Amino acid sequence: LPRARAISTHMLAGTWITLLSLSGVGAAASRRAASPSSLAFLDLDEFDPVAAVKGIPGAVRDNLRIFRAGTGAMWRNRKAASVVRKRVKQGGAAASYSELLLLRKSGDDAQKLLQAGVVYLAVPELLPAMLYFFPRSLPSTFETDQRRARRYETIGRLRSKAVLQLLTTLEEDAATKKGKKGARAAARLETAKELLRAGPPPRAVGALAPYLPSADDDAKQLQRSPLKRLEGAALKAGCGAIGLSGPLPGFVRRSALRKHLQHVAAEDDVLAAALGRMSRDELLEACFDRGLGAPGASAARLRRELSHWLSLVRTTAAAGIADAAEPKRDPDPARVRLAALSACAVSSTRAEAGAGLPKLLYAKSR
């Protein structure tokens, strides 16, 4: 058993030292490939093998230090989360916003560490791809300030890309599909046009009524699978808006998006009381979870956007669903957040600096 624990510890250390190293290499490669002189990335004249070899010990030491600090923080978070769960289970005070975040991150971080270990053992070559397609794949306790800033920038780009790709797909489907599928595609296109013309999220969310459940939906089934009827293109865009991309099966996307929206719904219940005490990092994290925010935004702006979000979801939920045969009931919280996330992602894309080329394409020439 002691030997097994030592092997396991060494495996995890190797996994994350490699993963942290590749994250820096992958990010640098991505920045070089995105630059106007990207072909220079293939120029071996710039590569200095001696400097690269000399830099390995320092990189390993830095990443080992990050690994030790990250695993230590994970262990402390896990114990703190256990105390919170025990208190709530015994009927004590309800979890605060910071405690809800702790509960979410302690579980997610352990799962991310396990997933990385499996990838490292099975197909280590996929580690750089995992970091590229899933910017949230690094446990929160392993993130440095630089990596966190890069993650926000990546999620912002993925969010803009998801919105633009969805609009293109809707136009393509409306132009090519026939019969009943063509009618549904045309209806979705009109919904998108209404959303874009509506402007700010408080007005835009009204165009997304089709994404809220109807009065004849089964309440129990809806609670189990709130996103069951969400179609592929919209599902992919919803995942992209929260930083989840790459080739994934539909059920994995649906599960990840549902889990994210349900976490956001639970945190929204106590977010208003915590807004005044949240740090800028906490505000930024909360905004990106909801399709809002920009890496350079001030704390005052982020706090204002979150306040508008809370007002938006309250207004949408209060509208409820009316039917002549039964009294009005509230929409599912995950569906409400999906509608709000969609409206906010469109608004953020309009303001996103990374979507500059499409803006120039449609801007009037001077």
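The coordinates are above.
Predicted model, so just to flag it, every value in this text is computed and none were measured. (Residues numbered from 1 in each chain as written. Predicted model: local features only at pLDDT ≥ 70, side-chain atom pairs only at ≥ 80, totals over all residues. Heavy atoms only, no water.)

K.L.:
Mind showing me how you'd approach the overall build of the chain here?
P.N.:
When its secondary structure is counted, the chain shows 14 helices and 2 strands. Of the contacts formed within the chain by residues at least 6 apart in sequence, a portion of 67% connects residues at least 24 apart. As displayed, the chain has an accessible area near 21000 Å², and 60% of this comes from carbon and sulfur atoms. (Helix = DSSP H or I, 4+ residues; strand = E, 2+ residues; numbered from the N terminus. Contact = heavy atoms within 4.5 Å. Areas by Shrake-Rupley, 256 points an atom, 1.4 Å probe, with all protein chains shown as cover.)

K.L.:
Hey, could you run me through the packing of helix 5 (residues 145–176) against helix 6 (residues 179–198) in this one?
P.N.:
A packed helix pair is summarised by two numbers, namely the angle formed by the two axes and the spacing between the axes. Close contact between helix 5 and helix 6 brings their axes to 8 Å; oriented N to C, the two are set at 140 degrees. In the packing of helix 5 onto helix 6, the handedness of the crossing is left-handed. Where helix 5 approaches helix 6, its residues Leu 167, Leu 170, Glu 171, Asp 173 and Ala 174 are matched on the opposing element by Ala 185, Ala 186, Arg 188, Leu 189, Ala 192 and Leu 196. Of the residues that constitute the contact of helix 5 with helix 6, the class distribution is 8 nonpolar, no polar and 3 charged. (Axes fitted to C-alpha atoms, helices over the stretch in contact; angles between N-to-C directions. Left-handed = near helix turned anticlockwise from the far one by under 90°. Nonpolar A, V, L, I, M, F, W, Y, C, P; charged D, E, K, R; others polar.)

K.L.:
Would you take a moment to explain the environment of Arg 253 for this structure?
P.N.:
Relative to the assigned elements, Arg 253 resides in helix 10 (residues 250–274). Judged by its relative accessible area of 9%, Arg 253 falls in the buried class. Residues Arg 253 and Leu 235, spaced 18 residues apart in sequence, show a C-alpha to C-alpha distance of 7.2 Å. (Buried < 20%, exposed > 50% of the residue type's maximum accessible area, 1.4 Å probe, protein only.)

K.L.:
What exactly am I supposed to notice about the side chain of Arg 188 here?
P.N.:
Tracing the chain through its elements places Arg 188 in helix 6. Every residue in contact with Arg 188, bar those within four places of it in the chain, is listed here: Leu 170, Asp 173 and Glu 231.

K.L.:
Sorry, what's going on with the pattern of salt bridges here?
P.N.:
Oppositely charged side chains can form a pair if their charged atoms are brought close together. Summed over the entire model, instances satisfying the criterion amount to 13 salt bridges. Arg 104 serves as the salt-bridge partner of Asp 289, at 3.1 Å between the closest nitrogen and oxygen. Within this pair, whereas Asp 289 is found in helix 11 (residues 280–289), its partner Arg 104 is found in helix 3 (residues 97–122), the two being separated by 185 residues in sequence. The residue Asp 108 makes a salt bridge to Lys 259 at a minimum N-O spacing of 3.5 Å. One end of the pair, Asp 108, is in helix 3; the other, Lys 259, is in helix 10, and 151 residues separate them in sequence. Through salt bridges with shared partners, a single ionic network connects Arg 104, Glu 267, Asp 268, Asp 289, Arg 290 and Arg 337. (Salt bridge = Lys/Arg side-chain N within 4 Å of Asp/Glu carboxyl O.)

K.L.:
Just checking my understanding: could you explain the packing of aromatic side chains for this structure?
P.N.:
Note on aromatic pairs: each is described by the distance of the centres and the angle between the planes. In total, this model carries 1 aromatic pair according to the counting rule given. Centre to centre, the rings of Tyr 152 and Phe 288 are 4.9 Å apart; their planes meet at 20 degrees, and the pair counts as stacked. Separated by 136 residues along the polypeptide, Tyr 152 in helix 5 and Phe 288 in helix 11 bring together distant segments of the chain. Taking relative accessible area as the criterion, Phe 288 reaches 1% and is therefore assigned buried. (Phe/Tyr/Trp six-rings, centres within 6.5 Å; stacked < 30°, edge-to-face > 60°.)

K.L.:
What exactly am I supposed to notice about the packing of helix 9 (residues 232–241) against helix 10 here?
P.N.:
Their axes nearest at 10 Å, the elements helix 9 and helix 10 cross at an angle of 50 degrees. Accordingly, the angle class assigned to the pair helix 9 and helix 10 is oblique. Where helix 9 crosses over helix 10, the two elements pack in a sense that is left-handed. The residues of helix 10 that touch helix 9, namely those facing Leu 235, Lys 236, Gly 238 and Cys 239, are Gly 250, Arg 253, Arg 254 and Leu 257. Residue composition of the contact of helix 9 with helix 10, grouped by class: 3 nonpolar, 2 polar and 3 charged. (Parallel < 35°, antiparallel > 145°, perpendicular 65-115°, else oblique.)

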